[in-house]
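Remarks on the overall topology
Spelled out, the chains give:
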Amino acid sequence: MSINWYGAEVKAAILASKKEICNTWGTMLTAEYQGRTPVVSGNMKAHETFDILPNNDGIQVGTTPEADYALWVELGSSKQKAQHILENTVNDSLSRLESTASEIISSKLGD
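Everything numeric here is computed off the predicted structure, so don't read it as measured data.

Criteria and cut-off values
Residues numbered from 1 in each chain as written. Predicted model: local features only at pLDDT ≥ 70, side-chain atom pairs only at ≥ 80, totals over all residues. Heavy atoms only, no water. Helix = DSSP H or I, 4+ residues; strand = E, 2+ residues; numbered from the N terminus. Buried < 20%, exposed > 50% of the residue type's maximum accessible area, 1.4 Å probe, protein only. Axes fitted to C-alpha atoms, helices over the stretch in contact; angles between N-to-C directions. Left-handed = near helix turned anticlockwise from the far one by under 90°. Nonpolar A, V, L, I, M, F, W, Y, C, P; charged D, E, K, R; others polar. Patch = residues over 30% accessible without salt bridge, like charges linked within 9 Å, V, L, I, M, F, W, Y side chains within 5 Å. Areas by Shrake-Rupley, 256 points an atom, 1.4 Å probe, with all protein chains shown as cover. Salt bridge = Lys/Arg side-chain N within 4 Å of Asp/Glu carboxyl O. Contact = heavy atoms within 4.5 Å. Pairing = 2+ DSSP bridges. Expected span 1.5 Å × (residues − 1). Bend = angle between axes of the 7 residues up to and from the residue.

1. Comments concerning unusual backbone geometry
Notably, Asn55 is not glycine yet its phi reads approximately 60 degrees, a positive angle. Structurally, the position occupied by Asn55 is in the loop between strand E1 (48-52) and strand E2 (59-63). Unlike most non-glycine residues, Asn56 shows phi in positive territory, near 55 degrees. With respect to the helices, strands and loops of the structure, Asn56 is situated in the loop between E1 and E2. Residue classification places Asn56 among the partly exposed residues on the basis of a relative accessible area of 24%.

As structure tokens, this is what we get:
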């Protein structure tokens with residue numbers, strides 16, 4: 001009985017999947033983040049986005065400088081209670097993120 005080693009194929013599938021995973025995660029988290037954002041003017045929601053890190057090593061989800069007050073909404077201040085919108089979005093999405101990455105990597109492995 002011989003043992004087949006598929007480590008190289010798995011590693012290649014992971015590397016081939018990184019950009020797709022980052023784009024999918026970013027789109028998914030941004031949509032969820034926007035759905036949870038309280039709307040007063042819509043400015044914060046309109047400026048929520050994501051960036052892919054160099055070498056497709058991950059993503060950053062947040063707001064652009066045009067909605068710099070998003071930090072106060074997230075973390076609170078002496079006059080405003082913290083809402084933790086982004087933190088809760090990520091924490092509540094962990095299982096979906098994991099299953100999405102698994103599906104993408106599996107699709108690169110073939111039969």
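2. Overview of the packing of helix H1 (residues 7-36) against helix H4 (residues 85-109)
Following both chains from N to C, one finds H1 and H4 inclined at 150 degrees, their axes separated by 8 Å at the closest point. The two elements H1 and H4 cross, and the hand of that crossing is right-handed. Taken together, the residues that form the contact of H1 with H4 break down as 17 nonpolar, 6 polar and 7 charged.

3. A few points about a nonpolar patch on the surface
Taken together, the side chains of Tyr6, Val10, Ile14 and Leu109 present a nonpolar region at the surface, about 350 Å² in accessible area. By the element assignment, Tyr6 lies in the segment before H1.

4. A look at the side chain of Thr89
By the element assignment, Thr89 lies in helix H4. Taking the relative accessible area as the measure of exposure, Thr89 reaches 0% and is therefore buried. In this view, Thr89 contacts Leu29, Glu32, Tyr33 and Arg36; residues no more than four positions away in its chain are not counted.

5. A few points about the pairing of E2
Where E1 lies against E2, 5 bridges are found, and the strand directions are antiparallel. By the bridge assignment for E2, Ile52 is matched with Ile59. What sits between the antiparallel neighbours E1 and E2 is a turn of 6 residues, in which Asn55 has the positive phi angle 60 degrees.

6. Description of H1
Look at H1: 40 Å from first C-alpha to last across 30 residues, which is about the 44 Å you get at 1.5 Å a residue. Bending of H1 peaks at approximately 45 degrees at the position of Lys18. Those residues of H1 that fall on the buried side of the exposure criterion are Ala13, Ser17, Ile21, Cys22, Gly26, Met28, Leu29, Thr30 and Tyr33.

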